[in-house]
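Here are the chains, one letter per residue:
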Amino acid sequence: MSDSPAAIIVGEVLWDCFSEQDGGKRILGGAPLNVAWNLAGLGMDPLFISAVGDDELGHEIIQRMKSFGMETEGVAVLPGVDTGTVQVTLQDGEPHYDIVKGVAWDQIPTPTHALSELISDRMAAAHRANLPALMYHGSLAFRDERSRATLTKLREKILHDPIRASAFFDVNLRAPHYTSSLLDELRRSASFIKLNLDELGELGSEADGDPVERTMAAGRAFEKDTNDVTLSGLLVTLGSDGALCYTPGCSEPLRVRSPEPESMEDPVGAGDAFAAVVMHGILTGRPFTNSLHDAVAFASKVCSLQGATCDDPHFYRLPSDS
């Protein structure tokens, strides 16, 4: 295996099923899958860890990933379990989700020996080349105790290994599938945290006030309240207004404005697109300023899609690549 940065993405994979009034399409999704897909489109080789059912929808996910050049060894196929689906409806242009429970990604199994070796190899390759290693996860995949047990073991292995990775926690809240205690636990061990203003309130920040002041206050508080990690970046998305980034020691957060989408289909997956481009920048050593400008531009571009993923590799050119 060539020496390269390591991106290990864990969590849900599913089908976003739009209502008939919103087009009736079925589109591949799930925030972790979207992030892994975008990273692959951006030329990286992410290792995606999840589970699908041994059914038509699950087999299609595996095939779609292979066709896009993605590694599928981390995706378990579970007999007798349904592949994940979500019913998506748009209300005033914003997506609302009905997330089916008890599906395959709620039961992500303990990694096989081969998968554990693959994880170790990816991290060792990054270490040899003095390159970063990131583990990405959200909060949704922790809702079921079966996947929670697996993801907790993975976090212990990856984040506390002698060749340790940094955690990128994409808060990505979907009520009622989380608790405050879980959010606090995951947040305290993350080097990078990405969330929106509403989610910032759920993590204990002031619920009202100027976004810049709220981001500064939260960043300073989170920086002091960690589990033996260093907070490297707090990323707060502002929808069409762009994003803010707090880094330790800053006098004010970096702010970037979001361009208008060339066409607007729906905002599904825009936050995942933003996260993927920021991760791409971390893994390739780019300054936050550059990555954030590309991230908001790419998120705006994803709004021109229905859903979050695209099979066309040309779609994944970043503005800075032009």
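Residues numbered from 1 in each chain as written. Predicted model: local features only at pLDDT ≥ 70, side-chain atom pairs only at ≥ 80, totals over all residues. Heavy atoms only, no water.

(A) Structural view of the pattern of salt bridges. Applying the stated criterion to the full structure yields ten salt bridges. Of the charged contacts, one joins Asp311 and Arg64 as a salt bridge, the two residues approaching to 3.3 Å between their closest N and O atoms. Of the two residues, Asp311 sits in the segment after helix H9 (288-302) while Arg64 sits in helix H2 (residues 56-67), which places them 247 residues apart along the sequence. In this structure, the salt-bridge partner of Arg187 is Asp184, at a minimum N-O distance of 3.9 Å. Taken as a pair, Arg187 and Asp184 lie in helix H5 (residues 180-188) at a separation of three residues, close to a single helical turn. Judged by relative accessible area, Arg187 falls into the buried class, the value being 5%. Three or more residues joined by partner-sharing salt bridges are found here, namely Asp184, Arg187, Arg188 and Asp225. (Salt bridge = Lys/Arg side-chain N within 4 Å of Asp/Glu carboxyl O. Helix = DSSP H or I, 4+ residues; strand = E, 2+ residues; numbered from the N terminus. Buried < 20%, exposed > 50% of the residue type's maximum accessible area, 1.4 Å probe, protein only.)

(B) A look at helix H4 (residues 145-160). The end-to-end C-alpha separation of H4 is 22 Å, in line with the 22 Å expected for 16 residues at 1.5 Å each. Of the residues making up H4, those classed as buried are Ser147, Thr150, Leu151, Leu154, Arg155, Ile158 and Leu159. Taken around the axis of H4, the buried residues stretch over an arc of 140 degrees, which confines them to a single face. Opposite the buried face of H4, by more than 90 degrees, sit the exposed residues Glu145, Lys153 and His160. Residues of H4 that are buried sit in contact with strand S1 (6-10), strand S4 (47-53), helix H3 (113-128), strand S8 (133-137), strand S9 (166-170) and H5. (Expected span 1.5 Å × (residues − 1). Arc of directions from axis to C-beta. Contact = heavy atoms within 4.5 Å.)

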